[in-house]
Amino acid sequence: MSDQISSIIDSHCHIVFSNFEDDREKVADRWRAAGVTALLHACVEPSEIPAIKSIADQFEEMRYSVGVHPLDVHHWKPETKSVLEKAALDDRRVVAIGELGLDLFKAKNLSDQLSILLPQLNLAFELNLPVIVHCRDAAKEMLEVFSKLSRDGCCPRGVMHCWSGNAKQMRAFLDLGFYISFSGNVTFKNAIDIHECATEVPSTRFLVETDSPFLSPVPHRGKRNEPSFVKHVVEKISELRGESFSEIAEKSTQNARELFALP
Ligand SMILES: [Zn+2]
């Protein structure tokens, strides 16, 4: 790898989705050209796992997680915890459990969401794997869950993916040991709280991601997002923190490698 291009890790993407079906190879050419040297593919429910696995076979820089998203509670079955456990133990490229969490923006079924969240957090702790946390309009509830686990000595490590909270909430998750991952929404002009968080977050505790195909950063807003666009997230954070592009790329890469077993 040349020293000219900074190495960047896209710590959260979903290129298994059908809108990448026709051009995944070209998408990979572009992320390689942009300096993306490793990617973490997130999983929203177990039936995706074989397809994600074959994407990891195709692209050697790909690692993945296994888990059930809070908006996919209907995919949770009595055997799901053991399905996830087996998938995680079967393949060394599974580096996290998730994405899991709470979403009270699009749904109000908090107790259902909690009922699939807790077994996944236990599994992650048992397997000593970090978690990828989706948390939307639910910081208070999520903090309650983690605080209790932390008091009981069984809270997994992890990342708050696609961070969209405020600085006060961020500090609470940092205090519990979580990393903060910034996505395309940090590039949005009016995202004042997220800008504040990206400025304040300790240099050892942030990651970058695209959440492809969602949330395209400026200047691609409204279009399909793809891993190469993670460079715009790095660019924006470097502008906010007054640090160089390569410093932000390097720090976020180091942090992602520290949290997940990534190449
Ligand atoms: Zn996601």
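Residues numbered from 1 in each chain as written. Predicted model: local features only at pLDDT ≥ 70, side-chain atom pairs only at ≥ 80, totals over all residues. Heavy atoms only, no water.

## A short note on the pattern of salt bridges
All chains considered together, the criterion is met by 15 salt bridges. A salt bridge links R224 to D23, with the nearest nitrogen and oxygen atoms 3.0 Å apart. Taken together, the positions of R224 in the loop between strand 8 (206-208) and helix 8 (230-241) and D23 in the loop between strand 1 (8-13) and helix 1 (24-33) put the pair 201 residues apart, joining distant regions of the chain. Classification of R224 by relative accessible area gives partly exposed; the value is 24%. (Salt bridge = Lys/Arg side-chain N within 4 Å of Asp/Glu carboxyl O. Helix = DSSP H or I, 4+ residues; strand = E, 2+ residues; numbered from the N terminus. Buried < 20%, exposed > 50% of the residue type's maximum accessible area, 1.4 Å probe, protein only.)

## As for the coordination of the zinc ion
Bound to the zinc ion are the protein donor atoms H12 (NE2), H14 (NE2), E99 (OE) and D211 (OD), situated 2.0 to 2.6 Å from the metal. Written as a sequence motif, the donor residues of the zinc ion are H-x1-H-x84-E-x111-D. You can call H14 buried: its relative accessible area is 1%. (Donors = N, O, S within 2.8 Å, 3.2 Å for Na, K, Ca; no water.)

## Structural notes on the nonpolar core
Across soluble globular proteins, you tend to see nonpolar side chains buried next to one another. Formed by 71 residues in total, the largest nonpolar core has its most connected members in F146, M160, F173 and F182. No other element matches the six residues that helix 5 (residues 139-151) contributes to this core. Not counting residues up to four positions away in its chain, the partners in contact with F146 are L121, V133, C155, M160, F173, L176 and F178. (Core = buried A, V, L, I, M, F, W, Y, C linked by side-chain atoms within 4.5 Å. Contact = heavy atoms within 4.5 Å.)

## Notes on the environment of E235
In this structure, E235 sits in helix 8. Look at E235 and you get partly exposed, because its relative accessible area is 41%. When the C-alpha atoms of E235 and V83 are compared, they prove to be 39 Å apart, with 152 residues separating the residues in sequence.

## Notes on unusual backbone geometry
Here the bond from G98 into E99 is cis, since omega is 5°, no more than 30 degrees from zero. The residue E99 is located in strand 4 (residues 94-103) in this model. Cis rather than trans, the peptide bond between S212 and P213 has omega equal to 5°. Counting through the fold element by element, P213 comes out in the loop between strand 8 and helix 8. Phi angles above zero are rare outside glycine, and N128 is one such case at about 55°. Tracing the backbone shows N128 in the loop between helix 4 (110-127) and strand 5 (131-136). Of the residues examined, N128 reaches a relative accessible area of 56% and is grouped as exposed. Phi is positive for D137, which is not a glycine, with a value near 50°. In this structure, D137 sits in the loop between strand 5 and helix 5. A residue is classified by how much of its surface remains accessible, and D137, at 56% relative accessible area, is exposed.

## Some details on the sheet that holds strand 1
The strands making up a sheet are joined through hydrogen bonds of the backbone, oriented either antiparallel or parallel. With respect to topology, eight strands assemble into an open sheet ordered 1-2-3-4-5-6-7-8, the strand pairing being parallel. Among the strands making up the open sheet, the edge pair consists of strand 1 and strand 8. Direction aside, the axes of adjacent strands within the sheet are offset by 30° on average. Where strand 6 (residues 158-160) and strand 7 (residues 179-182) come together, two bridges link them in parallel fashion. Bridging across to strand 7, V159 finds its partner in Y179. (Pairing = 2+ DSSP bridges. Axes fitted to C-alpha atoms, helices over the stretch in contact; angles between N-to-C directions.)

## Points about helix 5
Here helix 5 spans 18 Å end to end across 13 residues, near enough to the 18 Å set by a 1.5 Å rise per residue. Along helix 5, the residues that are buried comprise A139, M142, L143, V145, F146 and L149. Looking straight down helix 5, one finds that the buried residues subtend no more than 160° of arc, so they occupy a single side. Summarising the geometry of helix 5, the exposed residues directed more than 90 degrees from the buried face are K140 and R151. Along its buried surface, helix 5 packs onto strand 4, helix 4, strand 5, strand 6 and helix 6 (167-175). G153 occupies a position one or two residues after helix 5 and carries a positive phi of about 75°. (Expected span 1.5 Å × (residues − 1). Arc of directions from axis to C-beta.)

## Comments concerning helix 2 (residues 49-58)
Every buried residue belonging to helix 2 is among I49, I52, I55 and A56, and all of these are buried. In a view along the axis of helix 2, the buried residues occupy a sector of 120°, so they form one face of it. Facing away from the buried surface of helix 2 by more than 90 degrees, the exposed residues are P50 and D57. For helix 2, the secondary structure elements touched by its buried residues are helix 1, strand 2 (36-41), strand 3 (62-66) and helix 3 (80-90).

## Looking at the pairing of strand 1
Among the six residues in strand 1, six count as buried, and that is most of the element. Where strand 1 and strand 2 come together, four bridges link them in parallel fashion. Residue pairing in the sheet places C13 in a bridge with H41 of strand 2. Where the polypeptide runs from strand 1 across helix 1 and back to strand 2, its parallel neighbour, the crossover connection is right-handed. (Right-handed = clockwise from strand over helix to strand, strands pointing away.)

That is the geometry; function is a separate question.
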